[in-house]
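Remarks on the overall topology
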Amino acid sequence: MPSSAPPPLPETPAEVWALMRELVDRYSPRHQLRAQLGDGLGKGRKKIMVLVQLEAGPLTAGDIAEAHGIDRPYATAIVDQLEADGLAERTADPADRRRKLVALTPKGRTAAAAATQIIQTPPGALAGLSRAELTQLGAILARLSAAGS
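My aim in this report is to walk through the structure given alongside it, one point at a time.

What counts, and where the lines are drawn
Residues numbered from 1 in each chain as written. Predicted model: local features only at pLDDT ≥ 70, side-chain atom pairs only at ≥ 80, totals over all residues. Heavy atoms only, no water. Core = buried A, V, L, I, M, F, W, Y, C linked by side-chain atoms within 4.5 Å. Buried < 20%, exposed > 50% of the residue type's maximum accessible area, 1.4 Å probe, protein only. Helix = DSSP H or I, 4+ residues; strand = E, 2+ residues; numbered from the N terminus. Arc of directions from axis to C-beta. Contact = heavy atoms within 4.5 Å. Pairing = 2+ DSSP bridges. Axes fitted to C-alpha atoms, helices over the stretch in contact; angles between N-to-C directions. Left-handed = near helix turned anticlockwise from the far one by under 90°. Patch = residues over 30% accessible without salt bridge, like charges linked within 9 Å, V, L, I, M, F, W, Y side chains within 5 Å. Areas by Shrake-Rupley, 256 points an atom, 1.4 Å probe, with all protein chains shown as cover. Salt bridge = Lys/Arg side-chain N within 4 Å of Asp/Glu carboxyl O. 1 Å grid on protein atoms, 1.4 Å probe; cavity = no way out; pocket = protein on both sides within 12 Å on 5 of 7 lines; lining within 4 Å. Points joined across faces, edges and corners; volume = space filled by probe spheres on them. Nonpolar A, V, L, I, M, F, W, Y, C, P; charged D, E, K, R; others polar.

Some points on the nonpolar core
- Of all hydrophobic cores here, the largest spans 17 residues; its most connected members are Val50, Leu51, Leu54, Ile64, Leu82 and Val102.
- Among the elements of the structure, α4 (45-53), α5 (61-68), α6 (72-84), β2 (96-104) and α7 (106-120) are those that each provide at least two residues to this core.
- Counting residues per element, this core draws most heavily on α6, which supplies 4 residues.

Next comes the structure, spelled out in structure tokens:
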């Protein structure tokens, strides 16, 4: 039986980028988020990000828009969806009754905690790397991240 040789290691930026995209897609938490939180919530990355952000406390739609680099109408649409799903609610801001604060409902807090757990859990494949490999990978990723700033 012939032995299959391992695929060649990527050498060019395009080959490395293709491998990184494949890796991120394979280990994306989106499938687990959809399974645990439902299709409506699991499909929207921004909805998940806003849900997790609201764990820290109530915010206005303007605060949400600014934090995520989106316009206010889009932030309002996300809040509308979270509210329709029973995950968030709007209340008057006690400091300025003209403003509305968006806060998580008990159901929203449960969903946010579940989403945070899913997002923060690294893929099992990382556990197979040695400490030296993890350090090397971390150093490379940190360097790439800093270069993009």
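Read on, since the account is not over.
Examining α5
- All of the buried residues in α5 are Ala61, Gly62, Ile64, Ala65 and His68. Looking straight down α5, one finds that the buried residues subtend no more than 160° of arc, so they occupy a single side.
- Buried positions along α5 lie against α4, α6 and β2.
- Where α5 ends, the next residue or the one after it, Gly69, has phi of about 65°, a positive value.

Some thoughts on the pairing of strand β1 (residues 88-93)
- One ladder, built from 6 bridges, connects β1 with β2; its direction is antiparallel. Bridge pairing in β2 links Ala92 to Lys100.
- Linking β1 back to β2 in an antiparallel pair, the connection comprises 2 residues.

Let's talk about the packing of α4 against α5
- Their axes nearest at 11 Å, the elements α4 and α5 cross at an angle of 120°. The two elements α4 and α5 cross, and the hand of that crossing is right-handed. Contacts between α4 and α5 involve Lys46, Met49, Val50 and Gln53 from the former and Ile64, Ala67 and His68 from the latter.

Some details on a nonpolar patch on the surface
- Taken together, the side chains of Val16, Trp17, Met20, Leu126, Leu134, Leu137, Ile140, Leu141 and Leu144 make up a nonpolar region of the molecular surface, amounting to roughly 740 Å² of accessible area.
- For the nonpolar patch, the secondary structure elements donating two or more residues are α1 (13-26) and α9 (131-147).
- Residue contributions to the nonpolar patch peak at 5 residues, all from α9.
- Position of Leu134 relative to the elements: it lies in helix α9.

Remarks on the pattern of salt bridges
- If you walk through the whole model with that rule in mind, you get 6 salt bridges.
- In this structure, the salt-bridge partner of Arg26 is Glu22, at a minimum N-O distance of 2.5 Å. Separated by 4 residues within a single helix, Arg26 and Glu22 lie in helix α1, roughly one turn from each other.
- When its relative accessible area of 44% is taken as the criterion, Glu22 is described as partly exposed.
- Residues Arg99 and Asp93 are paired through a salt bridge, measuring 2.8 Å at the closest nitrogen-oxygen approach.
- What you see here is one network of salt bridges that share partners, running through Asp80, Glu83 and Arg90.

Some remarks on the layout of surface pockets
- Computed from the structure, the largest pocket encloses a volume of approximately 1,000 Å³.
- As for the largest pocket, its lining consists of 26 residues, and the residues nearest its centre are Leu23, Val24, Leu126, Leu137 and Leu141.
- Elements represented by at least two residues in the lining of the largest pocket include exactly α1, α2 (30-37), α7, α8 (124-127) and α9.
- Here the element with the most residues in the lining of the largest pocket is α9; it accounts for 6 residues.
- In terms of residue class, the lining of the largest pocket is made up of 19 nonpolar, 6 polar and 1 charged.

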